[in-house]
Amino acid sequence: GNIVWQKTFGGTGSDVSKNLIELSDGNILIIGNTNSKDNDIPDFYGENDVFLIKVNPNGEKIWSNSYGGERNDYGVFAIEIDENKIIIGANSNSLAYNLNQNNGGTDCWIFQIDSQGQFEKGISFGGEKNDQINDMLFYNNEIYLVGYTESEDWDGIDSKGGNDAIMVRLTSDLELIEVKNYGGSNHDEIKGIDILNLGSITKDRILLTGNTKSFDLDFDTTSFEDWSKAFILSLKGSEIVWSEVFV
């Protein structure tokens, strides 16, 4: 339980870390957001920027960089595709600089950097209202994003009512494969995603967990109370095998 080392990074504003991953070279990538304009922040684009820091196992900074547009951009998660290709998941309501599209409200924003943190390309998803990702997964050479959407005009979904839980599948080159929504007539949101390994890709199950206020459609339950309940969805591909709501 003894501290081996501790480090602080950022500037004179607010700097928040959201997640971290270990990279294949043994170093660590920290993902978050910042509204600072100095010290470890090399560039500042808007009100809040995605902020990445790469450190070695002793916590010494290798590089730091910021990304975003003229408004608010928040880093959520990162996955390493290979040693020179890292995908960052974020939420954004910007339309400038690193972003060339905003569909309305907050969008799901995915972008690619190289091992030195240089921005290479990105893509935004969503509808006219707020859309948000909470977690990411790389599986079978595909990128999975999960979260929720308030939009009813997002291509590829048929709104079930309220906020829908959402799963987006992309190729490793950020090309859209599928958008799938789940839920009932109230608020539904996916918080996490994982794989239940059953021995092969054809048998493996995708597990989604989150919270719902619905009691119908994909979350049929005998509880009609209007409070948030935990759920698990088991999927084969993107189709529901079973669902369970805990009340």
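Residues numbered from 1 in each chain as written. Predicted model: local features only at pLDDT ≥ 70, side-chain atom pairs only at ≥ 80, totals over all residues. Heavy atoms only, no water.

## A short note on the sheet that holds strand β6 (residues 85-92)
Our working definition: Strands are labelled as partners when DSSP assigns at least two bridges between them. Each helix is a run of DSSP H or I of at least 4 residues and each strand a run of E of at least 2, with the numbering of both proceeding from the N terminus. Each axis is a line fitted through C-alpha atoms, and for a helix only the stretch in contact is used; angles between axes span 0 to 180 degrees, taken between their N-to-C directions.
What the four strands build is an open sheet, ordered β5-β6-β7-β8; its pairing is antiparallel. Two strands close off the open sheet at either side, each with one partner strand: β5 (73-82) and β8 (119-125). For this sheet, the mean inter-axis angle between neighbouring strands, taken without regard to orientation, is 20 degrees. Of the pairings in the sheet, the one linking strand β7 (residues 107-113) to β8 comprises six bridges and is antiparallel in character. The partner of Gln112 across the bridge, within β8, is Lys121.

## Observations regarding the pattern of salt bridges
This is how it is decided: Whenever a carboxyl oxygen of Asp or Glu lies within 4 Å of a side-chain nitrogen of Lys or Arg, that contact is scored as a salt bridge. Buried residues are those whose accessible area, probed at 1.4 Å on protein chains only, stays under 20% of the maximum for their type, while exposed residues exceed 50% and partly exposed ones sit between those limits.
Counted according to the given criterion, the structure contains eight salt bridges. Residues Lys85 and Asp173 are paired through a salt bridge, measuring 2.8 Å at the closest nitrogen-oxygen approach. Taken as a pair, Lys85 in strand β6 and Asp173 in the loop between β11 (164-171) and β12 (176-182) lie far apart in primary sequence, 88 residues in all. Lys85 sits in the buried class, given a relative accessible area of 11%. Among the salt bridges present, the one from Glu239 reaches Lys180, with a minimum N-O distance of 3.1 Å. In this pair, Glu239 sits in strand β16 (residues 239-246) while Lys180 sits in strand β12, placing the two residues 59 residues apart along the sequence. Owing to a relative accessible area of 44%, Glu239 belongs among the partly exposed residues under this scheme. The exposure class of Lys180 is partly exposed, given its relative accessible area of 22%. What you see here is one network of salt bridges that share partners, running through Glu142, Arg169 and Glu178.

## Some points on the layout of surface pockets
Selection criterion: Residues are said to line a cavity or pocket when one of their atoms sits within 4 Å of a point; the points come from a 1 Å grid over protein atoms alone, cavities being sets where a 1.4 Å probe fits but cannot get out and pockets being open sets with protein on both sides within 12 Å along at least five of seven lines. Grid points are joined across faces, edges and corners, and a volume is the space filled by probe spheres set on the points. When residues are sorted by character, Ala, Val, Leu, Ile, Met, Phe, Trp, Tyr, Cys and Pro go into the nonpolar class, Asp, Glu, Lys and Arg into the charged class, and all the rest, Gly among them, into the polar class.
Reported here for the largest pocket is a volume of approximately 210 Å³. What lines the largest pocket is simply Lys18, Asn72, Tyr74, Gly75, Val76, Asn91, Ser92, Asn93, Thr106, Gln132, Ile133 and Asn134. Elements supplying a minimum of two residues to the lining of the largest pocket: β5, β6 and β9 (131-139). Of the residues assigned to the lining of the largest pocket, the class counts are three nonpolar, eight polar and one charged.

## Regarding the packing of aromatic side chains
Cut-off, in case you're wondering: Two aromatic rings from Phe, Tyr or Trp, using only the six-membered ring of Trp, form a pair when their centres are within 6.5 Å; if the ring planes differ by under 30 degrees the pair is stacked, by over 60 it is edge-to-face, and anything between is tilted.
Under the defined criterion, the tally for this structure stands at five aromatic pairs. Within the aromatic cluster, the residues linked to one another by ring pairs are Tyr67, Trp109, Phe111 and Phe119.

## Section: the environment of Trp109
Mapped onto the elements of the fold, Trp109 is located in strand β7. For Trp109, a relative accessible area of 1% translates into the label buried. As for Trp109 and Gly126, which are separated by 17 residues in sequence, their C-alpha atoms are 9.0 Å apart.

## Some points on the sheet that holds strand β2 (residues 28-34)
Taking strand neighbours across the sheet as the criterion, the four strands line up as β1-β2-β3-β4 in an open arrangement whose pairing is antiparallel. For this open sheet the edge positions go to β1 (15-22) and β4 (61-67), each flanked by a neighbour on one side alone. Each strand of the sheet is rotated relative to its neighbour by a mean of 20 degrees, with strand direction disregarded. Where β1 meets β2, seven bridges bridge the pair, whose relative direction is antiparallel. Paired with Ser17 across the bridge in β2 is Gly32.

## Thoughts on the pairing of strand β3 (residues 49-55)
Most of β3 sits inside the fold, with seven of its seven residues counted as buried. Relative to β3, β2 is paired through seven bridges, and the arrangement is antiparallel. Within β3, the position partnered with Gly32 by the bridge is Phe51. Hairpin connection of β3 to β4: five residues between the antiparallel strands, including Gly59 at a positive phi of 80 degrees.

Keep in mind these values describe shape, not function.
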